[in-house]
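# Per-entry structural report
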Amino acid sequence: MISWTEVLGLVAGACTTAAVTPQIWKAWKTKEVEDVSVGMYLVLITGLALWLVYGIIENDIPIIATNGTALLLNLFMLYLIFRYRH
């Protein structure tokens, strides 16, 4: 059975993971990314990758699930930045 702390971790992770979706949606629809910071996404992606490794080492499902998903979303945003940057 899942504990309340795991539920808390999943909800917190879902919120932080979902935070990037408005930026992705805007970039995809408008194809405008000139004002989006590549450096910020590189640092964020590095942090997410490290959290994912930590979650795997600790076998912590909420950390693995949320940071793995967030990593994929932010990598997609980085792809959009490079694709639409002039």
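Attention here is on the structure that accompanies the text. (Residues numbered from 1 in each chain as written. Predicted model: local features only at pLDDT ≥ 70, side-chain atom pairs only at ≥ 80, totals over all residues. Heavy atoms only, no water.)

With that out of the way, let us pick up the side chain of threonine 17. Structurally, the position occupied by threonine 17 is in helix H1 (residues 4-18). For threonine 17, the side chain forms a polar contact with the main-chain oxygen of threonine 66, separated by 3.1 Å. (Helix = DSSP H or I, 4+ residues; strand = E, 2+ residues; numbered from the N terminus. Polar contact = N/O pair within 3.5 Å; in protein donor to acceptor, adjacent residues only side chain to side chain.)

Turning our attention to the packing of H1 against helix H4 (residues 61-84). The geometry of H1 relative to H4 is characterised by a closest axis approach of 8 Å and an angle of 10° between their N-to-C directions. The angle between H1 and H4 falls in the class roughly parallel. In this structure, H1 contributes Glu6, Gly9, Leu10, Gly13, Ala14 and Thr17 to the contact, and H4 contributes Pro62, Ala65, Thr66, Thr69, Ala70 and Leu73. In terms of residue class, the contact of H1 with H4 is built from 6 nonpolar, 5 polar and 1 charged. (Axes fitted to C-alpha atoms, helices over the stretch in contact; angles between N-to-C directions. Parallel < 35°, antiparallel > 145°, perpendicular 65-115°, else oblique. Contact = heavy atoms within 4.5 Å. Nonpolar A, V, L, I, M, F, W, Y, C, P; charged D, E, K, R; others polar.)

Per the stated rule, a full pass over the model turns up 3 aromatic pairs. On the numbers, 5.5 Å between centres and 90° between planes, the contact of tryptophan 51 with tyrosine 54 is edge-to-face. In this pair, tryptophan 51 and tyrosine 54 are both assigned in helix H3 (residues 38-58), 3 residues apart and thus about one turn of the helix distant. Overall, the relative accessible area of 40% leaves tyrosine 54 in the partly exposed class. Site record: aromatic cluster; members linked through ring pairs are Trp28, Phe76 and Tyr79. (Phe/Tyr/Trp six-rings, centres within 6.5 Å; stacked < 30°, edge-to-face > 60°. Buried < 20%, exposed > 50% of the residue type's maximum accessible area, 1.4 Å probe, protein only.)

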